[in-house]
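# Examination of the molecular architecture
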Amino acid sequence: QVVSDPARRVSPQQTVVVNRQVSMAALAPMTLLLFKPAGVTANASWLQKTVGLKATQPGIWGPERLAKLEMPLPLPTPASGLCIFSDDLGVLRHLEDRRSPMEEEWMATLEGPVSESTLRALQGPGLRASINRQTEALTVLRIAGKDLDGLDLGRWLDQQCPLKDLRRQRVGRLSLAPLEPGQWRQLEGFERF
């Protein structure tokens, strides 16, 4: 039985064999992109349930490795959309750099039509908003900007018109497509934020 956690009691009847060729440092960095549904709190336990355990690759996809992944751009519980978990120091540094924040794109669905003053209030340095789709019953806004806080954005929009849905569509160059709610994929080696 492969054991990768550091603290494990061993009985006198058991034999311990150490594979000296295995090293956690030898594992390639991992970044996962997930489509978090609204109302779900993104954390390590949700990640483990969503991704599941790859028993055929112990140590690579085990619960210990998934628990160590960090979420650089937290996604509020009421919002849905692109959620990132990584143990790649380069990716984490890039996404958490406050001097050069990553651009994010959000889609907000609001009840009823949106006033011109609300749309103008969403225009500013590093912030752009446009109407993606509008009917008498609802309006879908596309909002793109740097250093956006999804929780603050959702609260402000809800004060303007009742907010039905807020979804993070894109971070940098990577978008949510083709993932469906609850689905995930690993970042490919050629992909960059």
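In this report, we go over the structure that sits alongside the text. Quantities reported herein were computed from a predicted structural model and do not represent experimental measurements. (Residues numbered from 1 in each chain as written. Predicted model: local features only at pLDDT ≥ 70, side-chain atom pairs only at ≥ 80, totals over all residues. Heavy atoms only, no water.)

### Comments concerning unusual backbone geometry
To be explicit about the condition: Under the DSSP-based scheme used, a helix requires at least four consecutive residues in state H or I and a strand at least two consecutive residues in state E, with every element numbered from the N terminus.
Residue P178 is bonded to the preceding A177 through a cis peptide linkage, with omega at 5°. Along the polypeptide, P178 turns up in the loop between β7 (174–175) and β8 (184–186). At D147, a residue that is not glycine, the phi angle is positive and equals roughly 60°. Inspection of the secondary structure assignment puts D147 in the loop between β5 (138–146) and α5 (150–160).

### Concerning the pattern of salt bridges
A side chain with one charge can pair with a side chain of the opposite charge if their charged atoms come near. Put simply, the rule reads: In what follows, salt bridge is the name for a side-chain nitrogen of Lys or Arg lying within 4 Å of a carboxyl oxygen of Asp or Glu. For the exposure calls, accessible area comes from a 1.4 Å probe over protein chains only, and a residue counts as buried if that area is under 20% of its type's maximum, exposed if over 50%, partly exposed in between.
Evaluation of the coordinates by the stated rule reveals 9 salt bridges. Of the charged contacts in the structure, one is a salt bridge between D147 and R98, with a shortest N-O distance of 2.1 Å. With D147 in the loop between β5 and α5 and R98 in the loop between α3 (89–96) and β3 (103–111), this residue pair connects regions lying 49 residues apart in the sequence. By relative accessible area, D147 is classed as partly exposed at 46%. A relative accessible area of 55% means that R98 is categorised as exposed. It is possible to trace a salt-bridge network through shared partners that takes in E103, E105, R128, R142 and R170.

### A few points about the environment of R173
Basically, it comes down to this: Residues are treated as being in contact if the distance between any of their heavy atoms lies within 4.5 Å.
Residue position: R173 is located in the loop between β6 (163–171) and β7. Classification of R173 as exposed rests on a relative accessible area of 64%. Spatially, the C-alpha atoms of R173 and M102 are 9.5 Å apart, while their sequence positions differ by 71 residues. Not counting residues within four places of it along the chain, the set of residues in contact with R173 comprises R192 and F193.

### Some remarks on a nonpolar patch on the surface
Here is the rule we go by: Residues enter patches when their relative accessible area tops 30% and they take part in no salt bridge; the joining distance is 9 Å for like charges and 5 Å for the nonpolar side chains Val, Leu, Ile, Met, Phe, Trp and Tyr. In this description, accessible areas are obtained by the Shrake-Rupley approach with a 1.4 Å probe, and a residue is regarded as covered only by the protein chains that are shown.
There is a patch of nonpolar side chains on the surface, built from V10, V16 and V18 and spanning about 280 Å² of accessible area. Structurally, V16 is set in the segment before β1 (31–36). Judged by relative accessible area, V16 falls into the exposed class, the value being 58%.

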